[in-house]
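Listed below are the residues making up each chain.
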Amino acid sequence: MRLTTRVVALAALGGCGHSDAFVFSVPAGTPPAAAADIRLTYNADQDYWPTWTQDGRGILYSFVDPGAAVLHRCIGVLPAGGGQRLWQLCDDRATQTDSVSSFSGYALDSAGQLLYAEAVSGNTQLHALPATTLWLADTATPFARTPLLTLPIVTGVGVVTWLTEVRWTGANTFTALGQLFETVGHCFANDAYFCPQQDSIFFDRGMVVTGTIASGRATLQAISGTDGATSYSPAEGGASVVFTRIHDLRVWKVPTAGGTATSVATIPQGSVAEILGVS
């Protein structure tokens, strides 16, 4: 196995070795309360889905390495105030050159436990929904990992084929956004009735789920009242969840134990707009 070690373009090469444990090597930073936005990454390709580490000292995010032969998505960790990338995980092992992998959701606790959902397509052209696994690993040995569950899975409220926005809530508990993605045929032949390829994926609906890890497996339970969720955030010290819904300009709140959602805010916009995220 091999972990690549590169840095964001705003710093010189250096940092963790290929098998180093996860160690913060810079002082924790505090984001400015009222200042101009600060650009933290300078990737020539794409960066995705930033999220705080459990202790707030770092930022996890997904990125594409533009110099790689296979454009796997990777996970990186930045200091809270920006700077050199402290750690990264790219599944660029020799066995993965005939597929494409990405990480749709990830969470890092203060002990170095990494919880991540990995989606793997069987070829470099996405013709079907990727196989998705939720893994538990340590950042020192991210491929010595435990498969907690594989998707799709039935939660009691609906089917989940995709996990994102994973967050630790305790030593063995977490929350995530469970989504249902489906594939539709795309016609490459002249015959409009012949659609052999499944290369388009679209989002149908989602829900917020809670997860519990025990005996090397994870179980998911949908939070009732969060049907149609497109993003979420824990609130009120974990007692409730605020979330957005597809094609909706309201912010909703529901107890973490589930219940009836109530609208807590409305964003005045045009009739076709929707909220893309909440924190």
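As shown above, the structure is provided for reference.
The structure reproduced in this document is the subject of the present report. Predicted model, so just to flag it, every value in this text is computed and none were measured.

1. Side note on the packing of aromatic side chains
Argument step 1. Scanning all chains against the criterion turns up 3 aromatic pairs.
Argument step 2. With a centroid separation of 5.5 Å and 35 degrees between ring planes, the pair formed by Tyr61 and Phe63 is classed as tilted. Each member of the pair, Tyr61 together with Phe63, is buried.
Argument step 3. Their ring planes at 75 degrees and their centres at 5.3 Å tell us that Phe103 and Tyr116 sit as a pair that is edge-to-face. Here Phe103, found in strand β5 (residues 100-108), pairs with Tyr116, found in strand β6 (residues 113-121); they are 13 residues apart in sequence, far enough to count as distant. Comparing Phe103 with Tyr116 shows no difference in burial state: the two are buried.
Argument step 4. Stacked on the ring of Tyr232, the Lys or Arg Arg167 has its end atom at 4.5 Å from the ring centre.
Argument step 5. Here the basic side chain of Arg245 rests over the ring of Trp252, its NZ or CZ set 4.6 Å away from the ring centre.

2. Describing the state of the cysteines
Here a disulfide denotes a covalent bond joining the sulfur atom of one cysteine to the sulfur atom of another.
Argument step 1. Tallying each qualifying case throughout the model produces 1 disulfide.
Argument step 2. Between the sulfur atoms of Cys74 and its disulfide partner Cys90 the distance amounts to 2.1 Å. Because the sign of the S-S torsion sets the handedness, a value of about 115 degrees for the bond joining Cys74 and Cys90 places this disulfide among the right-handed ones. Of the two residues, Cys74 is situated in strand β3 (residues 73-79) and Cys90 in the loop between β4 (87-89) and β5; the sequence distance between them amounts to 16 residues.

3. Considering the sheet that holds strand β16 (residues 240-245)
Paired through backbone hydrogen bonds, the strands of a sheet run either parallel or antiparallel to each other.
Argument step 1. The strand order across the open sheet built from 4 strands is β15-β16-β17-β18, with neighbouring strands paired in antiparallel fashion. Each edge of the open sheet is held by one strand with a lone partner, namely β15 (229-235) and β18 (262-266). The mean angle between the axes of side-by-side strands here comes to 30 degrees, regardless of whether they run parallel or antiparallel.
Argument step 2. Summarising the sheet, strand β17 (residues 250-255) and β18 pair through 4 bridges and their orientation is antiparallel.

4. A look at the layout of surface pockets
Argument step 1. A volume near 720 Å³ is recorded for the largest pocket.
Argument step 2. Taken together, 29 residues form the lining of the largest pocket, with Pro50, Thr51, Trp52, Glu165 and Arg167 sitting closest to its centre.
Argument step 3. Secondary structure elements with two or more residues in the lining of the largest pocket: β1 (47-52), β5, β11 (162-168), β12 (173-186) and β15.
Argument step 4. For the lining of the largest pocket, the element with the most residues is β11, which contributes 6 residues.
Argument step 5. For the lining of the largest pocket, the class distribution of residues is 15 nonpolar, 12 polar and 2 charged.

5. A look at the environment of Gly76
Argument step 1. Here Gly76 is to be found in strand β3.
Argument step 2. Between the C-alpha atoms of Gly76 and Asp47, which are 29 residues apart in sequence, the distance is 9.8 Å.
Argument step 3. The contact partners of Gly76, leaving out residues within four places of it in the chain, are Ile59, Leu60, Tyr61, Phe63, Arg85, Trp87 and Gln88.

6. Structural notes on the nonpolar core
Side chains of nonpolar character tend, in soluble globular proteins, to be buried together.
Argument step 1. Leu115, Leu134, Leu163 and Phe174 are the most contacted members of the largest nonpolar core, which totals 20 residues.
Argument step 2. Only β6, β7 (131-138), β8 (141-151), β11, β12, β13 (197-214) and β14 (217-222) provide two or more residues apiece to this core.

7. Some points on the pattern of salt bridges
Argument step 1. Applying the stated rule across the entire model yields 5 salt bridges.
Argument step 2. With a shortest N-O distance of 3.7 Å, Glu165 and Arg167 are connected by a salt bridge.
Argument step 3. Judged by relative accessible area, which is 23%, Glu165 ranks as partly exposed.
Argument step 4. By relative accessible area, Arg167 is classed as partly exposed at 22%.
Argument step 5. The partner of Asp248 in a salt bridge is Arg250, and the shortest N-O contact between them spans 3.1 Å.
Argument step 6. Under the relative-accessibility criterion, Asp248 is labelled buried at 9%.

Basis of the calculations
- Residues numbered from 1 in each chain as written.
- Predicted model: local features only at pLDDT ≥ 70, side-chain atom pairs only at ≥ 80, totals over all residues.
- Heavy atoms only, no water.
- Phe/Tyr/Trp six-rings, centres within 6.5 Å; stacked < 30°, edge-to-face > 60°.
- Buried < 20%, exposed > 50% of the residue type's maximum accessible area, 1.4 Å probe, protein only.
- Helix = DSSP H or I, 4+ residues; strand = E, 2+ residues; numbered from the N terminus.
- Lys NZ or Arg CZ within 6 Å of the ring centre and 35° of its normal.
- Disulfide = S-S within 2.5 Å.
- Pairing = 2+ DSSP bridges.
- Axes fitted to C-alpha atoms, helices over the stretch in contact; angles between N-to-C directions.
- 1 Å grid on protein atoms, 1.4 Å probe; cavity = no way out; pocket = protein on both sides within 12 Å on 5 of 7 lines; lining within 4 Å.
- Points joined across faces, edges and corners; volume = space filled by probe spheres on them.
- Nonpolar A, V, L, I, M, F, W, Y, C, P; charged D, E, K, R; others polar.
- Contact = heavy atoms within 4.5 Å.
- Core = buried A, V, L, I, M, F, W, Y, C linked by side-chain atoms within 4.5 Å.
- Salt bridge = Lys/Arg side-chain N within 4 Å of Asp/Glu carboxyl O.

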